[in-house]
Amino acid sequence: MDNAAGDPPCADPSGLQRALDRLNALISWERADRLRMQVDLTPIIDLLARLGNPHRRFRSVHVTGTKGKGSVCALVEAGLGIAGWRVGRYASPHVQHINERISIDRRPIEDERLAEALMAALDVRDAACRDRSAAMHATWFDVMTAATYLSFAQAGLDWAVVEVGLGGRLDSTNAIEADVAVITNIGLEHMDVLGDSIEKIAAEKAGIIKPGCTVVTPMSLRSPAGQVIDALAIALCAPVRSVLVPRGATISQQNLAVARAALNALGGRGIRSIVRNGPLSAADLSEEVASSVKLPGRMERFRLPASLHGGRWIDVVLDGAHVDFALAAVLRELRMQHDLQARPVVLLALGADKNANAFAAALAGEASIVVCTQVQAGRPGMDLSVLADAVRQVGLATQNASDPLQGFKRCCELADAGWILVTGSFYLVSAIREELAALS
């Protein structure tokens, strides 16, 4: 649920910007200290009830996991859309514009529609404050989720593909009763909220499993986390479909395998491909369709013209990986691209709650030099001295930059014979992406 930079002012201050001003006045655990975080489904349930329970007017696929969940959601969305269904997708974080979080018929939600849904959700929250009911405690993410479900219902969508914000069991998105629950993987993350062991985190993420739904996961059911998932699935009479992913598969290959398994699971539940006039299946997500699915800030490539820095063209890859094994997988996949064989110059920022030593270890032997920086937007960032020290301890050369744009400029100077990887934080990715968009 780590959010990226705030949105720029809207052209119409009486529309979306006015809604965002009201929304941003609420507490956001994406930006606040999560040690004080309170998780509870009663506010979102009250909000939705006051809005007429819009989440009951469409069917859904619910996706959680430590990494890959956003891409899996986008792929499942594409498959359902190609099959002829009207589909929406709810994602987090957004990298530059809040509209990225909600897509309707595979396009970002329009400002007017988003403003209308947000205002409706904010108004019922205000009513709950007057009535002293549970929704008076609704947070930024509660209201955003309620507005999303309302916009899906108002658009008359058949399906929604919903990405969990944080964890699963008590995440605001978990008010839905999904047909398929996808768990992409489980790693040690957000331990201040989800628990200090793989088993505890697995229990939280497995909380999206509902009675009778189909569970899709590439995780071994014999692993500690897999055993937790399997036990809960058995208790809830929820069949588990294990996804076989070849050893050495890239992130993209694994995400595609999981998404296709989710479509197969829907087909097994009687959902049909309208276009093919047969059961929904992996056939509705071809390689061509999958290759067209792109998400901002996830292995996203830009090319910086030579004229801007007095040298050759420089390739820049943006990826918001913020845990070590996600970064390792990103680097493994990028190495397979023939034009990215050199070791990159890395622009790195981490949140204060991340594991700098583990992240640095993932960069060891992979980066030529690391430029450490700190992003002022969003949640507290890791102190530069702490981050740089962790990088130096794994034998990598490092430099510090007080702000991301200064750091990016230094990376361009250092990458004359290589390429640049911007990683560790979606806040950082957002800042650099905005700069790259301005240059292109």
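Residues numbered from 1 in each chain as written. Predicted model: local features only at pLDDT ≥ 70, side-chain atom pairs only at ≥ 80, totals over all residues. Heavy atoms only, no water.

Colleague: What exactly am I supposed to notice about the pattern of salt bridges here?
Modeller: Between side chains of opposite charge, a pair can form when the charged atoms approach closely. For the structure on display, the rule yields 17 salt bridges. Here D126 and R22 are joined by a salt bridge, their closest N and O atoms 2.7 Å apart. Placement of the pair is D126 in helix α4 (residues 111-131) and R22 in helix α1 (residues 16-23), with a sequence separation of 104 residues. Judged by relative accessible area, which is 32%, D126 ranks as partly exposed. R22 sits in the partly exposed class, given a relative accessible area of 24%. E366 serves as the salt-bridge partner of R335, at 2.6 Å between the closest nitrogen and oxygen. Here R335, found in helix α11 (residues 324-335), pairs with E366, found in the loop between α12 (356-363) and β14 (369-372); they are 31 residues apart in sequence, far enough to count as distant. It is possible to trace a salt-bridge network through shared partners that takes in R22, D123 and D126. (Salt bridge = Lys/Arg side-chain N within 4 Å of Asp/Glu carboxyl O. Helix = DSSP H or I, 4+ residues; strand = E, 2+ residues; numbered from the N terminus. Buried < 20%, exposed > 50% of the residue type's maximum accessible area, 1.4 Å probe, protein only.)

Colleague: Sorry, what's going on with the packing of aromatic side chains here?
Modeller: For any pair of aromatic rings, the description consists of the separation of the ring centres together with the inter-plane angle of the planes. Applying the stated rule across the entire model yields four aromatic pairs. Ring centres of Y90 and F141 lie 6.0 Å apart, and the angle between their planes is 20°; this geometry places the pair in the stacked category. Pair noted here: Y90 is in strand β2 (residues 87-90) and F141 is in helix α5 (residues 140-154), with a separation of 51 residues, a long-range link. Taken as a pair, Y90 and F141 share a single burial class, namely buried. Between Y90 and Y149 the ring centres are 6.5 Å apart and the planes differ by 75°, which places this aromatic pair in the edge-to-face class. Pair noted here: Y90 is in strand β2 and Y149 is in helix α5, with a separation of 59 residues, a long-range link. (Phe/Tyr/Trp six-rings, centres within 6.5 Å; stacked < 30°, edge-to-face > 60°.)

Colleague: Explanation requested: the sheet that holds β14 in the structure shown.
Modeller: Each strand in a sheet pairs with its neighbour through backbone hydrogen bonds, running either in the same direction (parallel) or in the opposite one (antiparallel). Strand order in the open sheet formed by six strands is β11-β12-β16-β13-β14-β15, and the pairing between neighbours is mixed. In the strand order of this sheet, the two ends are held by β11 (300-304) and β15 (398-400), each with one partner. Ignoring which end each strand starts from, the neighbouring axes of this sheet average 20° apart. Relative to strand β12 (residues 314-319), helix α15 (residues 426-439) is tilted by about 145°, and along the sheet it contacts β11, β12, β13 (345-348) and β16 (420-423). (Pairing = 2+ DSSP bridges. Axes fitted to C-alpha atoms, helices over the stretch in contact; angles between N-to-C directions. Contact = heavy atoms within 4.5 Å.)

Colleague: Which parts of the structure should I look at to understand α1?
Modeller: Two residues of an α-helix separated by three or four positions point the same way, owing to the 3.6 residues in each turn. For α1, every residue scored as buried is listed here: L16, Q17, A19, L20 and L23. For α1, the angular spread of buried residues about the axis comes to 160°, placing them on one side. Buried residues along α1 sit against α4 and α5. (Arc of directions from axis to C-beta.)

Colleague: How do you make sense of the sheet that holds β2 when you look at a structure like this?
Modeller: A sheet is described by the order of its strands in space; here eight strands give the open sequence β4-β3-β2-β5-β1-β6-β7-β8, paired in mixed fashion. The open sheet terminates on both sides in strands that have one partner only, identified here as β4 (107-108) and β8 (240-242). Direction of pairing for strand β1 (residues 59-64) relative to strand β6 (residues 180-183): parallel, over a ladder of four bridges. Bridge assignment links T64 to a residue of β6, and that residue is I183.

Colleague: Looking at this structure, how should I read the packing of helix α14 (residues 404-414) against α15?
Modeller: For any two helices packed against each other, the geometry is given by the interaxial angle and the distance between the axes. The N-to-C vectors of α14 and α15 enclose an angle of 65°; their axes lie 10 Å apart at closest approach. As far as their axial angle goes, α15 and α14 are roughly perpendicular. Two packed elements cross with a definite hand, and for α14 against α15 that hand is right-handed. Along its contact with α14, which presents P404, L405 and F408, the element α15 presents L428, A431, I432, E435 and L436. Its residues placed into classes, the contact of α14 with α15 shows seven nonpolar, no polar and one charged. (Parallel < 35°, antiparallel > 145°, perpendicular 65-115°, else oblique. Left-handed = near helix turned anticlockwise from the far one by under 90°. Nonpolar A, V, L, I, M, F, W, Y, C, P; charged D, E, K, R; others polar.)

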